[in-house]
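For reference, the chains in residue letters:
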Amino acid sequence: MEKKNWFKFYFIIIAVISALSYGSASKYHSKYEPNWASLDKRPLPSWYDEAKVGIFIHWGVYSVPSMGSEWFWTDWKNLKYKNYIEFMEKNYKPGFSYQEFANEFNAELFNATQWALLFKDSGAKYVVLTSKHHDGYCLWPSVQSFGWNSMDVGPKKDIIRELSSAIRQHTDMKFGLYYSLFEWFNRMYINDKLHIFLTQDYVNQKARPEQMFLVQEYLPEIIWSDGDWEAPAKYWKSEEFIAWLYNDSPVRDTVVTNDRWGIGTACLHGDFYNCKDRYNPGVLQKHKWENAFTLDKDSWGQRYDVTLKNIMTSEEVIHEVITTVSCNGNVLINVGPTKYGTILPIFEERLRDLGQWLKINGEAIYATKPWTHQNDTITPGVWYTKSNQEIDGQVVIYAMILEYPYDTNSLSIYPWGKKFENGPEVTLVGLELLDSNINSIVMLGMENTDIKWQFNGPAINIQFPPKHHIDKRGLKYAWAFKITISNAI
C-alpha cells in the first residue's frame, strides 16, 4: 500500500472507531447540564426501584454519650437543653468537650462481616452508612478533617472501607453513603453563613473535596445528602456536583441521589424524594420516593435512654414496608449501633423478623409496581401491588392483609374498587368474564394448600386456611395472596 493511501486508510479507521465509541458512550451516558431542568430528565436506574428495602446506619461520636439523639452536641451546646446540661454535669468532669467523646468511640467489637450478613438476612437490597453527620466527624481518613476522623481518633479504622468491602464480598447488596453538607461548628461554614452564603469557602475547601473523594474512592451507588436546609442549592453547588455524578463519575450508570440539596429542593429534585424524615404519604406518588424511618421511633443514633415503647414492633415494621411499597416507595430502615460497634439484640430481632417475612412474601414486594388501587377502600388494612411483568399474558396482583380476620377466618377484598371501572390496567365486561379470567389465588407460604374463594358482587371473598396451619408455617404479621388473572379482562 502506498504511503499516502496508508495514511488515508489509517484516518478512516480512527474516524470509524471514534464514531462508534461516541455512539456507544452517548447511548448510555447522556450529557446532563448542571441545572435542574436537565438533571431531572435522567431516568431512574432500575435497580433502585426493584430493591424496595434498604438499611440506614447512623453511627459516630454521638454514639458515646448515647443520650437523647445524634443531635447531642448542638442540643447541649447551642440549644442548652436542661436535661443535656444536667446529664453532663452528673457524668463528666467540668469543662469536658464533645471532642473528648471521640477517645471513647473505639468500636472495639465492630465486625463489618457480621453487619453485612445481618443486613442481608433482613432482606435489604442496599445499605446507606453515615459517612459524616452534622458534627463533622468522618468515618474515613478525610484529609479535610485532620484529627476529627475515625482513623486519627477513636477506632483508628477506615470504617467506610471495612463495611463497603464486607458488603461487596459477602452479599449482593448495593452500598451507599449519607453525607451531611453542613457542620454545626465548622468555622468556615459559620463564616460563610455570616456572609449570607455569598462566600463559598466551606464548600470549595471542605465539602466538595470530601464528596468527590468519597465517590471516587468508595464507589457508593447511593448519595444520600442531608444538612442542606440553611442554604440554597447554588451555595452548595449541588447542580454541578450531581451533573458530575451523572456524566463523569465512576458510578454514573448506577448512582441514585435523594432530594436534599439546598433550600427548596425537597420533594422537587433528585432521583428519589425523601421530602421529610419518616415520610409515608399513604397515597400513590408519581415520582419515586423513599420512607426513611427509625426502629427507635425518637432517635436515629443509639441512645441508652430508650425504652421498649420507643421501639417499633416487628409488625409495625412490616406494615410500614407494605404501605410504602404499595404507593411506589422504598423503605430505608435505620439502626443506630453502640459505640462498641454492636447492634442491639432488639434491633437485630426486628431485622431478622422482617427478613423471615420477606423470605416468604418477597415476591409481593421486590420489583413490583403499584396496582390501580394501592389500598382497599372498602376493607381496611388491605394493600396491593402487582408484578412488574406479564407472564404468558397473565397479570399477577398481590393483596397483603395487615390484620388477621379471627372472627370469620375469611375476608372480602376489592382489588378493583367498589364498582368495576374501565382503566389502563383492566377492562371488565361483567362478573362472568372476570370470574373466568381469574386463573388462581394462592396464599404465599401456603402454595400447596387449595384456597377457596368466590365472587360476591365486586368483592372477592377469600377463605383463609386453618389458622394453626398458617402458624405452623411461620406466617405472621401480614398475609399475602397472589391473584393471577388473564390480561384479556
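Residues numbered from 1 in each chain as written. Predicted model: local features only at pLDDT ≥ 70, side-chain atom pairs only at ≥ 80, totals over all residues. Heavy atoms only, no water.

The protein chain goes by alpha-L-fucosidase in an unreviewed UniProt entry, where it is assigned to Musca domestica. As recorded by UniProt, the Sequence similarities (unreviewed entry) comment attached to the protein chain reads in full: "Belongs to the glycosyl hydrolase 29 family." The Function (unreviewed entry) field of the UniProt record for the protein chain holds the comment "Alpha-L-fucosidase is responsible for hydrolyzing the alpha-1,6-linked fucose joined to the reducing-end N-acetylglucosamine of the carbohydrate moieties of glycoproteins." (UniProt positions renumbered as here; feature names shortened; annotations may be inferred.)

A. The pairing of strand S3 (residues 174-180), seen in detail. Among the 7 residues in S3, 6 count as buried, and that is most of the element. Two elements, strand S2 (residues 126-132) and S3, share 6 bridges in a ladder whose sense is parallel. Paired with Lys 132 across the strands is Tyr 179, a residue of S3. In terms of handedness, the path from S2 via helix H7 (residues 159-170) over to S3 forms a crossover that is right-handed. Strand direction decides the pairing type here: S3 and strand S4 (residues 222-226), joined by 5 bridges, are parallel. Each residue of the ladder has a partner; that of Tyr 179, found in S4, is Ser 225. (Buried < 20%, exposed > 50% of the residue type's maximum accessible area, 1.4 Å probe, protein only. Helix = DSSP H or I, 4+ residues; strand = E, 2+ residues; numbered from the N terminus. Pairing = 2+ DSSP bridges. Right-handed = clockwise from strand over helix to strand, strands pointing away.)

B. The environment of Leu 354, seen in detail. Within the fold, Leu 354 resides in helix H13 (residues 345-361). On the basis of relative accessible area, Leu 354 is assigned to the buried category, the value being 1%. Sequence separation of Leu 354 and Asp 121 is 233 residues, and the distance between their C-alpha atoms is 8.7 Å. The contact partners of Leu 354, leaving out residues within four places of it in the chain, are Val 53, Ser 122, Val 317, Ile 318, Val 321 and Ile 333. (Contact = heavy atoms within 4.5 Å.)

C. Highlighting the sheet that holds strand S7 (residues 329-335). Taken together, 7 strands build an open sheet; the order of strands is S5-S4-S3-S2-S1-S7-S6 and the sheet is parallel. Bordering the open sheet on either side are strand S5 (256-257) and strand S6 (289-294), each of which pairs with just one other strand. Here 5 bridges tie strand S1 (residues 53-57) to S7, and the two strands are oriented parallel to one another. When the bridges of S7 are listed, Ile 55 appears paired with Ile 333.

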